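Letter by letter, the chains look like this.
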Amino acid sequence: MTTVFDFTLGLGDDALIAAQRLGEWTTRAPEMEEDIALANIALDQLGAARLLLTYAGELEGAGRDEDALAYLRDDREFRNCLLVELPNGDFAVTVAKLFFLAAWQLPLYTALAGCADERLAAIGAKARKESAYHLDHASLWMRRLGDGTDESHRRAQDAVDQVWPYVHELFVAAPAAPVDPATLRADVDATVAAVLDEATLTRPETGWTPGGGRDGLHTEHLSYLLAEMQVLHRAHPGATW
Amino acid sequence: MYGNDFAPPEDAPGGGLLGEVEAAEAALREAAARARRGAPAPDEDVEAYFTDVIDADQKIEPRDWMPEAYRKTLIRQIAQHAHSEIIGMQPEGNWISRAPSLKRKAILLAKVQDEAGHGLYLYAAAETLGISRDELVDLLLDGRQKYSSIFNYPTLTWADVGAIGWLVDGAAIVNQVPLCRCSYGPYARAMIRVCKEESFHQRQGYEILHTLAHGTEAQKAMAQDAVDRWWYPSLAMFGPPDGDSTHSAQSMAWKIKRFSNDELRQRFVDMCVGQAEVLGLRIPDPDLRWNEERQAYDYTQPDYAELMRVIKGNGPCNRERMTHRQRAHADGAWVREAAAAYAAKRAERKAVAA
């Protein structure tokens, strides 16, 4: 059964790992304006991660703060979905990852804003506004890439095909959680269908549906991501920064 | 100046300089409010008009006539500055993924993002002189225009992020504060905005070093090592000594530049000494001492031969920095083409629908 702690930790880890991946784009984006936009989204995700991890630490009551949770857990203890830990790939893969994540985070945070837990409601109320921008931004790029040149169309369709299997994990039912992700499916499907349609892209058939992130079973990529993220913090146990 | 305690924000480094930025901003408003002498009369010599505006400490605006050499000098200087912001994202960006706390990660991400923003408004200022951003980016990518040499040094440890903030941003501010009074309006206005954000960055860098210098032995050593490596390259940021500086005299006459390289370097040294003491870090110069007569610190000059080597392309990271930027630009080409194609299709559909 998913406790409020598990749920909050999972959302915090989603946001943290998404921020880490988006941060990798800094100085590498296709346009200077996009460098700024991706950094903005990374900062939003990081901001949400800090609030969620701090709260998760309080719920747990074992004295772990945001940094203890971010830097001192191993990959088997992370609860993020697999979608966010996938490597950035080309710009189309990054856009597809961001698009599906934002299409899910927006209704999730919106529902959270109305939940009974006051702290989570406040975090949801703040984060949903940011998610709306992320979804706008990613949708615009889906349309530009899908309905741009032949090359961009091909890359965008490849990206959607590659990322789509990882979307299903986002809806694993958790009836006891403050918001049951299974209830978001119809909303997300509608958003995805509308944008892909405008982008002249095809939604892949659902076949393979990898999962396990919420139970700490990740892809091979997460351990490398954490090794880099945690290296300095772990090299100086107990230090303050 | 600094007290011995951790100073409140208004006394933090950059405080005095920030005051100068604000004064420059006020002067800018005053100059704009002062009845600007009207446009030149039809029979008036445009060159005399240009000189009048400069002499009256007013601003040359994009619509005004200006000598070709003035335009060229400004394009070169503003473009180099813009390129420096863009290339300068790399050494610090190098630590975003490994920042040692989530708070520091957020601050660093925001800082590097600010630098991209500075690059954008500086390119926009250069564009008012009749050259496009795409042209300027090409000049950077094929090496015909330079960026500040300081960014050709590597960031080897986390403390380097602090040292860049304190010393490199500090030197940049000392250099840039007088540019807030530059005779070319769009550049002066861009610099006011840039300086305000830079002083914020400098404070953050100082805070990183302060935390390290008051942390574990390993953290202290890391901080001192970073200051040891960044001190002289930061002094070299002010350029060659006055005797060897090629562009200075004309730029001073045009009020693009207001102080000489050596004057600014001295100002920077004098500013850093007290701050280093509060940090508890040593400036790596055995000959650094107060000169009562000059009312300034005597100090050891940076190695200008090294500066020339780095400018010519042989610093530790010149190749990496350029390759990185060229690769990002090349890898993004299909994305920019897609955006252009999409915009063209939209415009076409709109035209058909109308």
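Criteria and cut-off values
Counting restarts for each chain: residues are numbered from 1 in the order of the written sequence. Whichever chain is written first is A, and whichever ligand is written first is 1; the rest continue in order. Residue-level local features of this predicted model are given only where pLDDT is at least 70; pairs of side-chain atoms are given and counted only at 80 or more, and the full residue set underlies all totals for whole chains, interfaces and linings. Processing note: side-chain calculations cover all non-hydrogen atoms of the structure and skip hydrogens and water entirely. Under the scheme used here, helices are H or I runs from DSSP no shorter than 4 residues and strands are E runs no shorter than 2 residues, and both carry numbers assigned from the N terminus. Our radius of gyration looks at C-alpha atoms and nothing else; its globule reference is 2.2 Å times the residue count to the power 0.38. Relative accessibility under 20% of the residue-type maximum defines a buried residue, over 50% an exposed one, and the middle range a partly exposed one, all with a 1.4 Å probe and only protein chains included. Any two residues whose heavy atoms approach within 4.5 Å at even a single point are treated as in contact. Throughout, the Shrake-Rupley method with a 1.4 Å probe supplies accessible areas, and for residues the shown protein chains are the sole cover considered. Counting rule for charge: Lys and Arg are taken as positive, Asp and Glu as negative, and neither His nor the chain ends is counted. Note on charges: their place is set at NZ of Lys, CZ of Arg, CG of Asp or CD of Glu. Whenever a carboxyl oxygen of Asp or Glu lies within 4 Å of a side-chain nitrogen of Lys or Arg, that contact is scored as a salt bridge. A helix's residues, less one, multiplied by 1.5 Å, set its expected span. For the domains described, the bounds stem from an automatic or database domain assignment. The term buried area means the drop in 1.4 Å probe accessible area that two parts suffer when joined, counted for both and summed.

1. Notes on the overall build of chain B
Okay, so step 1: Of regular secondary structure, chain B possesses 14 helices and two strands.
Okay, so step 2: Its C-alpha radius of gyration of 22 Å places chain B within 12% of the 20 Å reference for a compact globule of 354 residues.
Okay, so step 3: A principal-axis box enclosing the C-alpha atoms of chain B has dimensions of 70 × 55 × 40 Å.
Okay, so step 4: Taking all 354 residues of chain B together, the buried fraction comes to 55%.
Okay, so step 5: Contacts spanning at least 24 positions in sequence make up 76% of the contacts within chain B whose residues lie at least 6 apart.
Okay, so step 6: With the model as given, the accessible surface of chain B reaches about 15,400 Å², and the carbon-plus-sulfur share is 54%.
Okay, so step 7: Distance between charge centroids for chain B: 6 Å, based on 43 positive and 51 negative side chains.

2. Here's the deal with the pattern of salt bridges
Residues and elements named next belong to chain B.
Okay, so step 1: Using the criterion set out here, one finds 34 salt bridges over all chains in the structure.
Okay, so step 2: Where glutamate 25 meets lysine 196, a salt bridge forms, and the shortest distance between an N and an O atom there is 2.9 Å. Taken as a pair, glutamate 25 in helix α1 (residues 15–33) and lysine 196 in helix α8 (residues 185–213) lie far apart in primary sequence, 171 residues in all.
Okay, so step 3: Residues joined in a network through salt bridges with shared partners are Glu92, Lys111, Glu115 and Asp169.

3. So, α8(B)
Residues separated by three or four positions in an α-helix point in the same direction, a consequence of the helix having 3.6 residues per turn.
Okay, so step 1: With 29 residues, α8(B) should reach 42 Å at 1.5 Å per residue; the first-to-last C-alpha distance of 41 Å fits that figure.
Okay, so step 2: Counted residue by residue, α8(B) has 22 buried out of 29 residues, so it is predominantly covered.

4. Side note on the environment of Ala296(B)
Residue and element names in this part refer to chain B.
Okay, so step 1: When you line up the elements, alanine 296 lands in strand β2 (residues 296–298).
Okay, so step 2: With relative accessibility at 5%, the residue alanine 296 sits in the buried group.
Okay, so step 3: When the C-alpha atoms of alanine 296 and methionine 271 are compared, they prove to be 10.0 Å apart, with 25 residues separating the residues in sequence.
Okay, so step 4: What alanine 296 contacts, discounting residues up to four positions off in sequence, is Gln266, Asp270, Arg289, Trp290 and Asn291.

5. Remarks on the domain arrangement of chain B
Accessible area lost when the parts come together is the quantity often used to give the size of an interface.
All names here are of chain B.
Okay, so step 1: Split by domain assignment, chain B resolves into domain 1 (16–314) and domain 2 (316–353).
Okay, so step 2: If you average the C-alpha positions of domain 1 and of domain 2, the two centres end up 29 Å apart.
Okay, so step 3: Listed per partner, the contact involves 16 residues of domain 1 and eleven residues of domain 2.
Okay, so step 4: For the domain 1 face of the interface with domain 2, the top three residues by lost area are Gln90, Leu141 and Asn152, together amounting to 45%.
Okay, so step 5: Inspection of the domain 1/domain 2 interface yields zero salt bridges.

6. Description of unusual backbone geometry
Okay, so step 1: Positive phi outside glycine occurs at Thr200(A), with the angle close to 55 degrees.
Okay, so step 2: Within the element layout of this structure, Thr200(A) appears in the loop between α8 (185–198) and α9 (221–235).
Okay, so step 3: What makes Thr200(A) partly exposed here is its relative accessible area of 41%.
Okay, so step 4: Unlike most non-glycine residues, Gln295(B) shows phi in positive territory, near 55 degrees.
Okay, so step 5: For Gln295(B), the location among the structural elements is in the loop between β1 (289–291) and β2.
Okay, so step 6: Owing to a relative accessible area of 48%, Gln295(B) belongs among the partly exposed residues under this scheme.

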